[in-house]
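# Structural overview for review
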Amino acid sequence: MQQWLQAYLCIVQYRKVNRMQEKLKIILKNTRDLLEKAAGIDETEMIRVKVLGKKGELTDILKSMGKLPPEERKELGRAANDVRKEIENLLEEKFAKVKEAAKEGRFRLEKIDVTEPGREFVLGVKHPLTIVTEEISGIFMSMGYSYAEGPQADTVFNAFDALNSPKDHPSRDMTDTFYISDDVVLRPHTSTVQIRTLIKQEPPIKIISPGRCFRCDTFDATHSPMFQQIEGLLVDEGINMADLKGTLDSMAKKLFGSATKTKFRPHYFPFTEPSAEMDVSCFKCGGKGCNICKGSGWIEILGCGMVHPNVLAVGGLDTEKYTGFAFGMGVERIAMLKYGVDDIRLFYENDMRFINQFK
Ligand code: PHE
């Protein structure tokens, strides 16, 4: 080879090596800058791939070194390896730092302050009407009665006709009862369960049926268009008025105290004959007369009577063989008397200040 050509090639080679060395420096500097700014593990990993990955900048240089003559390869190889080591160290440091930061971030997020005061756990209380319903139901359950339920919307037949209610009875009027259609009403009393049970069940029958009732009353201190009743029904052979009185008298003594006296006044209900209203001696004044009993010493609490044979007949019972009694009481009225509540609306306002008083 001519000398000048050899010299030329030598210069070209020298330049190439020089450029590669320059490139190595730039890669190192850029990597250092990028790592300084990198915020998290993902970003650091991206830089690692960019420089040291399969197609990384440094990897490219290391690959291209194969084409160099041995002495230059050796020199450049050392430089490239140094840069690689340095970059690896930088990456290692950075990874340690960002991993630590991520861990701390997680700790901060998941930190539990065990000295923080606990959140208050508010335990609900039973509504006073639930308390009274359960108390009265409990008394009858202890006498062997079982629990029966019926729908709140029922047929006119179950609400009136089957209960011997004359066609012109005022309670049938639209101004008294909510009609959903000509044949369906919101039940005005839980006596609908009386007839449902008589149709379904053979004597002996011994049930109570608490539940919601509806009447077209304007909401005021003593009336509510929706209220709760507890109805009771007992049918068997040889049941008479003495059984009715004994049962209700013992219920009154359990509910209002053992000194309570009861009094039965004749009354009229279409579905019972004879019918009565039961008064209890005033549990506040004991009968002397006070504001609760309005000076009379007695408080009316329920309606009752011997089940009318016409009603038993709708249930398909032999009226010569079977007799029975029924009673119905308003839960709100009893709760108002028991707790001295003077406005029925308080039961439906859901004011926790009121309800919490029955804890
Ligand atoms: N159903 C009557 C009322 O709502 C109460 C009652 C029930 C009377 C059973 C007698 C027998 O007032």
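Remember, it's a predicted structure, so these values are computed and weren't measured experimentally.

Reading the values: the criteria
Residues numbered from 1 in each chain as written. Predicted model: local features only at pLDDT ≥ 70, side-chain atom pairs only at ≥ 80, totals over all residues. Heavy atoms only, no water. Axes fitted to C-alpha atoms, helices over the stretch in contact; angles between N-to-C directions. Helix = DSSP H or I, 4+ residues; strand = E, 2+ residues; numbered from the N terminus. Parallel < 35°, antiparallel > 145°, perpendicular 65-115°, else oblique. Contact = heavy atoms within 4.5 Å. Nonpolar A, V, L, I, M, F, W, Y, C, P; charged D, E, K, R; others polar. Salt bridge = Lys/Arg side-chain N within 4 Å of Asp/Glu carboxyl O. Buried < 20%, exposed > 50% of the residue type's maximum accessible area, 1.4 Å probe, protein only. 1 Å grid on protein atoms, 1.4 Å probe; cavity = no way out; pocket = protein on both sides within 12 Å on 5 of 7 lines; lining within 4 Å. Points joined across faces, edges and corners; volume = space filled by probe spheres on them. Polar contact = N/O pair within 3.5 Å; in protein donor to acceptor, adjacent residues only side chain to side chain. Near = heavy atom within 4 Å. Areas by Shrake-Rupley, 256 points an atom, 1.4 Å probe, with all protein chains shown as cover. Domains from an automatic or database assignment. Expected span 1.5 Å × (residues − 1). Arc of directions from axis to C-beta.

### Examining the packing of helix H1 (residues 3-37) against helix H4 (residues 70-109)
Packing of H1 against H4 brings their axes to within 10 Å, and their N-to-C directions diverge by 5°. Viewed along their axes, H1 and H4 adopt a mutual orientation that is roughly parallel. From H1, Gln13, Val17, Met20, Gln21, Leu24, Ile27, Leu28, Thr31, Arg32, Leu35 and Glu36 reach across to H4, where they touch Glu72, Glu75, Leu76, Ala79, Ala80, Val83, Glu86, Ile87, Leu90, Leu91 and Lys94. Here the residues of the contact of H1 with H4 are counted per class, giving 13 nonpolar, 3 polar and 6 charged.

### Thoughts on the pattern of salt bridges
Applying the stated rule across the entire model yields 17 salt bridges. In this structure, Glu22 engages Lys25 in a salt bridge whose closest nitrogen and oxygen atoms are separated by 3.8 Å. Residue Glu22 and its partner Lys25 are located together in helix H1, separated by 3 residues, close to a single helical turn. Since its relative accessible area comes to 44%, Glu22 is described here as partly exposed. In this structure, the salt-bridge partner of Arg172 is Asp161, at a minimum N-O distance of 2.4 Å.

### A look at the layout of surface pockets
When its volume is computed, the second largest pocket comes out at roughly 320 Å³. When contributions to the lining of the second largest pocket are tallied by element, the ones reaching two or more residues are helix H5 (128-142), strand S4 (205-214) and strand S5 (226-237). Counted by class, the lining of the second largest pocket contains 5 nonpolar, 8 polar and 3 charged residues.

### Section: the environment of Asp279
Looking at where Asp279 falls in the secondary structure, it is placed in strand S7 (residues 272-281). Under the relative-accessibility criterion, Asp279 is labelled buried at 5%. The sequence separation of Asp279 and Gly303 amounts to 24 residues, and the corresponding C-alpha distance is 9.4 Å. Those residues in contact with Asp279 that sit more than four places away from it in its chain are Lys261, Thr262, Lys263, Arg265, Trp298, Ile299, Glu300 and Ile301. In terms of polar contacts, Asp279 uses its side chain to reach the side chain of Arg265, at 2.8 Å.

### Notes on the site of the ligand
For the ligand, the set of nearby residues contains 13 residues, the closest of which are His189, Ser191, Arg215, Gln229 and Gly328. A distance of 3.3 Å separates a nitrogen atom of the ligand from a polar atom in the side chain of His189. Between the ligand and Ser191, the relevant distance is 2.9 Å, taken from a nitrogen atom to a side-chain nitrogen or oxygen of the residue. Relative to its unbound accessible area of 330 Å², the ligand is 90% covered by the protein chains. Counting residues per element, the ones that place at least two in the shell around the ligand are S5, strand S8 (298-307) and strand S9 (322-330). Tallying contributions element by element places S9 first for the shell around the ligand, with 3 residues. Taken together, the residues of the shell around the ligand break down into 5 nonpolar, 6 polar and 2 charged.

### Things to note about the domain arrangement of the protein
One widely used convention gives an interface's size as the accessible area the parts lose upon coming together. Taken domain by domain, the protein comprises domain 1 (2-109) and domain 2 (128-358). With centres defined by C-alpha atoms, the gap from domain 1 to domain 2 works out at 93 Å.

### Considerations on H5
Given a rise of 1.5 Å per residue, 15 residues ought to cover 21 Å, and the 21 Å separating the end C-alpha atoms of H5 matches this to within 8%. Burial in H5 covers these residues: Pro128, Leu129, Val132, Thr133, Ile136, Ser137, Ile139 and Phe140. Mapping the buried residues of H5 onto a view down its axis gives an arc of 165°, with all of them on the same face. Its buried side turned inward, H5 meets S4, S5, helix H8 (241-256), S9, helix H10 (331-339) and helix H11 (352-355).

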